[in-house]
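Listed below are the residues making up each chain.
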Amino acid sequence: MNYRPMIASDYEAAYQLWEDTPGMNLSAADSREEILRYLERNPGMSQICEYENGTLAGTALCGHDGRRGYMYHVAVSGDSRGKGVGRGLVSRCLDKLLQEGIDKCHLMVIEGNSLGRSFWAGIGWQEREGILLFSRNTLHVTDNVMV
């Protein structure tokens, strides 16, 4: 297995993995343009794992806002699960965040994603209670009223 930072040419294989991963929700924010912008804004932070033949085994998008780190789309192919790929990706992302002086990382898991919840709990992450996530599109906003 080879771990390395994710680059633009990894996008197609990564997107296919995300589509094939149960519990992963994709949106317009996962377009090639948006993911490449994320990678450029967070150079060297996002990681992939691939087999010696170049086949993608897993991905982890990682970045920070200067205060807290965030991970998205941590996904491991079905035939690579249980081999430490997810742990390896997460560990590398956390190391990158620590190198940037970021001491805490957050991530979001869809409530019904039992596989994801089990993975994160199993590697020592705590599910937070008492926090609600609010979201809003920034398009077509005038005077705080959606048009």
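Just so it is clear, the model here is predicted, and its values are computed rather than measured.

The next subject is the environment of leucine 61. The residue leucine 61 is located in strand S3 (residues 56-64) in this model. In this structure, the C-alpha to C-alpha distance between leucine 61 and glycine 112, residues 51 residues apart in sequence, is 21 Å. If we ignore the near neighbours within four places in the chain, the residues touching leucine 61 are Met6, Trp18, Ile35, Tyr38, Leu39, Ser46, Tyr70, Met71, Tyr72 and His73.

For the coordinates displayed, the defined rule picks out five aromatic pairs. With 6.3 Å between their ring centres and 65 degrees between their planes, tyrosine 15 and tryptophan 18 make a pair best called edge-to-face. Note that tyrosine 15 and tryptophan 18 are positioned in helix H1 (residues 11-19) at a spacing of three residues, about one turn of the helix. Residue tryptophan 18 is classed as buried on the basis of its relative accessible area, which comes to 0%. Through pairs of rings, three or more aromatic residues link up here, namely Tyr11, Tyr15 and Trp18. We note arginine 92 situated over the ring of tyrosine 3; from NZ or CZ to the ring centre the distance is 3.7 Å.

Below, the discussion takes up the sheet that holds S3. Here five strands make up an open sheet; going across it, the order is S1-S2-S3-S4-S5 and the pairing mixed. The strands lining the two open edges of the sheet, one partner per strand, are strand S1 (2-5) and strand S5 (105-107). Each strand of the sheet is rotated relative to its neighbour by a mean of 25 degrees, with strand direction disregarded. As paired elements, S3 and strand S4 (residues 69-76) share six bridges and run antiparallel to each other. By the bridge assignment for S4, threonine 59 is matched with alanine 75. Against the sheet, H1 makes contact with S3 and S4, and its axis sits at roughly 100 degrees relative to S3, the strand it touches most. Across the sheet, helix H3 (residues 85-99) is in contact with S1, strand S2 (47-50), S3, S4 and S5; its angle to S3 comes to roughly 25 degrees.

With that settled, consider the pattern of salt bridges. One pass over the structure, following the stated rule, counts six salt bridges. Residues glutamate 34 and arginine 37 are paired through a salt bridge, measuring 2.8 Å at the closest nitrogen-oxygen approach. Note that glutamate 34 and arginine 37 are positioned in helix H2 (residues 32-41) at a spacing of three residues, about one turn of the helix. For arginine 117, the salt bridge is made with glutamate 127, and the minimal N-O distance between the two is 2.6 Å. In this pair, arginine 117 sits in helix H4 (residues 114-122) while glutamate 127 sits in the loop between H4 and strand S6 (141-142), placing the two residues 10 residues apart along the sequence. On the basis of relative accessible area, arginine 117 is assigned to the partly exposed category, the value being 32%. Through salt bridges with shared partners, one network takes in Arg4, Asp10 and Glu50.

Our next topic: the side chain of serine 80. Tracing the backbone shows serine 80 in the loop between S4 and H3. A polar contact of 2.6 Å, which involves the side chain of serine 80, links it to the side chain of tyrosine 51.

The next thing to look at is the nonpolar core. One finds Cys62, Met71, Val85, Leu97 and Trp125 to be the most contacted residues of the largest nonpolar core, which totals 16 residues. Elements with a minimum of two residues in this core: S3, S4 and H3. In this view, methionine 71 contacts Leu61, Cys62, Val90, Cys93, Leu94, Cys105, His106, Leu107 and Trp125; residues no more than four positions away in its chain are not counted. Membership of the second largest hydrophobic core comes to 14 residues, among which are Tyr11, Tyr38, Ile48 and Ala75.

Definitions and cut-offs
Residues numbered from 1 in each chain as written. Predicted model: local features only at pLDDT ≥ 70, side-chain atom pairs only at ≥ 80, totals over all residues. Heavy atoms only, no water. Helix = DSSP H or I, 4+ residues; strand = E, 2+ residues; numbered from the N terminus. Contact = heavy atoms within 4.5 Å. Phe/Tyr/Trp six-rings, centres within 6.5 Å; stacked < 30°, edge-to-face > 60°. Buried < 20%, exposed > 50% of the residue type's maximum accessible area, 1.4 Å probe, protein only. Lys NZ or Arg CZ within 6 Å of the ring centre and 35° of its normal. Pairing = 2+ DSSP bridges. Axes fitted to C-alpha atoms, helices over the stretch in contact; angles between N-to-C directions. Salt bridge = Lys/Arg side-chain N within 4 Å of Asp/Glu carboxyl O. Polar contact = N/O pair within 3.5 Å; in protein donor to acceptor, adjacent residues only side chain to side chain. Core = buried A, V, L, I, M, F, W, Y, C linked by side-chain atoms within 4.5 Å.

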